[in-house]
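Residue-level structural notes
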Amino acid sequence: MFCPSNETLQNITEKTKLLAQKCTQQIRVSSDQQTSGSGGATEGGQQDSTGKVPPSPAKESGGSKSLRCLCPCKGTLSKIIAKKVGAVTGKEQPRSTTRWYVKSSRYQSKQFAVQVQPKIMLLYLTILALGLVVLWIRKRYSYWSDRGVIYLKPHFPSGNLQGVGRKQHRDQVIRRCYQQLKGSGPFGGIFFFTSPVALALDLDLVKSVLVKDFQHFHDRSVYYNERDDPLSAHLFTMEGNKWRNLRAKLTPTFTSGTKWRNLRAKLTPTFTSGKMKMMFPTILGVADQFRQLLLKEASGGGEVEMKEILSRFTTDVIGSCAFGLECNSLHDSEAVFRRMGRKVFELPPGRIVMATLAQQFRSIARALRITIIDPDVSQFFMNVVRETVEYREKNRVERNDFMNLLIKLKNGQPVEDGLTLEEIAAQAFVFFLAGFETSSTAMSHCLYELAQNPELQEKARADVRETIKKHGSLSYEAAQDMQYIGNCINESLRKYPPVGQLTRAVSKDYKVPGTDKILAKGATLRSGSVPSGAGREAESVLLFTVWRGSS
């Protein structure tokens, strides 16, 4: 029996591999020709040069589903394998061996095509999505040019807010935009990220929006989520009918709005001069602790960080007046109320980005159930309010504070008109939030100016002493009678406003006086006071976000 050498077997194997590679390269083309029937092919096979249709692979293999070799080798590979392998083994190999190999190669080619097609489709979809995003951004950035309004060229993604959060505060950026647009008309155009914003350059326009035409701007444009973040749904954020309903319970003296009106109508009686006078003894009690802390700090010598001490003082005042609780921040700088107050304003970068996006796309953020208040803060204040209300109702405790007034509104009206526990918590939260931080900031700036001007400090001290001597003690009436102290506070507020911007939403179409421009219903505006740094008059700035999709 003939036994080939190892070298012969190696040559046969190498030639077979080379020819198999050529067959595999041509298998897809040949397969497509068979499928389409090009060149006279029929369903059962392919015509040869004589016009005869060769038998189908199923017929050759006795009904099996193996495939014929359709590549240009015309069966050469099958013959080589049958001949060479037969010479080695002494048996002729069946033709199905070649068909099996071709079938396997064809299957691998199809499998490769199936794997490649989804990747190509994903690439096309990605390119299409990016193209649509670019068109959408260009459309938004062309808002002012399409309307013939002078504007500052934006830069994606921050618009005209370059440097905010890194080198400059937002109020500084707005001041810069104001200086660049000043004199170009009653208002100019800028961009907050991708949202078009109208920057008012005329004080008459500011007065019209905030006073004369307030019925167009009674709603604020601040994100809130009443369902998932109940503390955010307070008097200063709610809009429409909910604002009206809540104002109706708290502020009957106001006459414009809907949802905010109703909430404010409920709350306004709690902020009358009589109610404030009733809380004054509580404030005096905290003020005495504040005096003792200052004496202790002064006796030790050295510098005193007044902003932190003032924040602790206002935290105790608001905590006592709003919640009826002893916060003890003056005695312990790490008291729980003080820690939670810091946590509200000291946001991590991720939450800042989330809050910014939620403000830009409020409807989408609500649908995604985005919350902006830290869960720990929300849970803490909800628990405090719940426990306080339950304790006072159970033990019939009454105090001259804001919480007592809210409990009366809750129990003294029909269920549908009374305040819910969530509404009480939201109003107490914003009372605390807006009270301690803004008050401490205003007092810090006022004390700074008095420290820089000793002669004015002496006048302010003399005013306090004379007024107390006149009234016999530091009473509510005495505090109202300190005219020079009031002037000092007002001037420091003018120079250093704690809140640089106010927001309003356009409740119905508004034609800007002196122009043919109309702010459509659903637009958002922001207003604020940006001091010029020279003279006694502040240059006010009013911002209108006029893109409907941002609401």
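Below is a summary of the structure that appears in this document. All figures in this text were calculated on a predicted structure; none of them were measured in a lab.

1. Thoughts on a nonpolar patch on the surface
A cluster of nonpolar side chains, namely Ile120, Met121, Leu123, Tyr124, Leu125, Ile127, Leu128, Leu132 and Leu135, defines an oily patch on the protein surface of about 930 Å² accessible area. Residue position: leucine 123 is located in helix H4 (residues 96–141).

2. A closer look at the nonpolar core
One finds Phe323, Phe337, Phe381, Val385, Met403 and Phe429 to be the most contacted residues of the largest nonpolar core, which totals 41 residues. Listed by contribution, the elements that provide at least two residues to this core are helix H10 (273–299), helix H11 (306–323), helix H12 (336–345), helix H15 (375–395), helix H16 (402–411) and helix H17 (421–452). Aside from chain neighbours lying at most four places away, what touches phenylalanine 381 is Leu231, Phe323, Phe337, Met340, Phe429 and Phe432. Grouped together as the second largest cluster of nonpolar side chains are 19 residues, Ile137, Tyr141, Tyr143 and Val149 included.

3. Points about the pattern of salt bridges
On inspection of all chains with the given rule, the structure shows 15 salt bridges. Close ionic contact of arginine 342 with glutamate 308 constitutes a salt bridge, the shortest N to O distance being 3.8 Å. Linking arginine 342 in helix H12 with glutamate 308 in helix H11, this pair joins segments that are 34 residues apart in sequence. In this structure, the salt-bridge partner of lysine 343 is aspartate 376, at a minimum N-O distance of 3.0 Å. Remark: aspartate 376 occurs in helix H15 and lysine 343 occurs in helix H12; sequence separation between them is 33 residues. A relative accessible area of 41% places aspartate 376 in the partly exposed class.

4. Here's the deal with the pairing of strand E2 (residues 195–200)
With 6 of its 6 residues buried, E2 lies for the most part within the structure. Burial along E2 is two-sided: Ser195, Val197 and Leu199 and Pro196, Ala198 and Ala200, pointing in opposite directions, are all buried. Note that strand E1 (residues 187–192) and E2 share 6 bridges and pair antiparallel. Its bridge partner being in E2, glycine 189 is matched across the sheet by alanine 198.

5. Examining H16
Side chains that are three or four residues apart share a direction in an α-helix, a result of its 3.6 residues per turn. Counting buried positions over the 10 residues of H16 gives 7, a clear majority of the element. Those residues of H16 not exposed but buried are Phe402, Met403, Asn404, Leu405, Leu406, Ile407 and Leu409.

6. So, the packing of H11 against H12
For the pair H11 and H12, the least separation of the axes is 10 Å and the interaxial angle reads 105°. If you check the angle between H11 and H12, you find them roughly perpendicular. When H11 is examined against H12, the residues Glu308, Ser311, Arg312, Thr315 and Phe323 are found in contact with a partner set consisting of Phe337, Arg338 and Arg342. For the contact of H11 with H12, the residue count by class is 2 nonpolar, 2 polar and 4 charged.

7. Section: the packing of aromatic side chains
This model, assessed by the stated rule, comprises 15 aromatic pairs. Measuring from centroid to centroid gives 4.9 Å for phenylalanine 217 and tyrosine 510, while their planes differ by 75°, and the two rings are edge-to-face. Of this pair, phenylalanine 217 sits in the loop between helix H7 (203–212) and helix H8 (240–250) while tyrosine 510 sits in strand E4 (residues 510–511); the two residues are 293 residues apart in sequence, bridging distant segments of the chain. Aromatic rings pair up to connect Phe337, Phe345, Phe380, Phe381, Phe429, Phe432 and Phe436 into one cluster. Positioned over the ring face of tyrosine 224 is arginine 366, at 4.8 Å from the centre of the ring.

8. Remarks on the environment of glycine 514
Along the chain, glycine 514 turns up in the loop between E4 and strand E5 (518–519). With a relative accessible area of 82%, glycine 514 lands in the exposed category.

Each value, and the rule that gives it
- Residues numbered from 1 in each chain as written.
- Predicted model: local features only at pLDDT ≥ 70, side-chain atom pairs only at ≥ 80, totals over all residues.
- Heavy atoms only, no water.
- Patch = residues over 30% accessible without salt bridge, like charges linked within 9 Å, V, L, I, M, F, W, Y side chains within 5 Å.
- Areas by Shrake-Rupley, 256 points an atom, 1.4 Å probe, with all protein chains shown as cover.
- Salt bridge = Lys/Arg side-chain N within 4 Å of Asp/Glu carboxyl O.
- Helix = DSSP H or I, 4+ residues; strand = E, 2+ residues; numbered from the N terminus.
- Core = buried A, V, L, I, M, F, W, Y, C linked by side-chain atoms within 4.5 Å.
- Buried < 20%, exposed > 50% of the residue type's maximum accessible area, 1.4 Å probe, protein only.
- Contact = heavy atoms within 4.5 Å.
- Pairing = 2+ DSSP bridges.
- Axes fitted to C-alpha atoms, helices over the stretch in contact; angles between N-to-C directions.
- Parallel < 35°, antiparallel > 145°, perpendicular 65-115°, else oblique.
- Nonpolar A, V, L, I, M, F, W, Y, C, P; charged D, E, K, R; others polar.
- Phe/Tyr/Trp six-rings, centres within 6.5 Å; stacked < 30°, edge-to-face > 60°.
- Lys NZ or Arg CZ within 6 Å of the ring centre and 35° of its normal.

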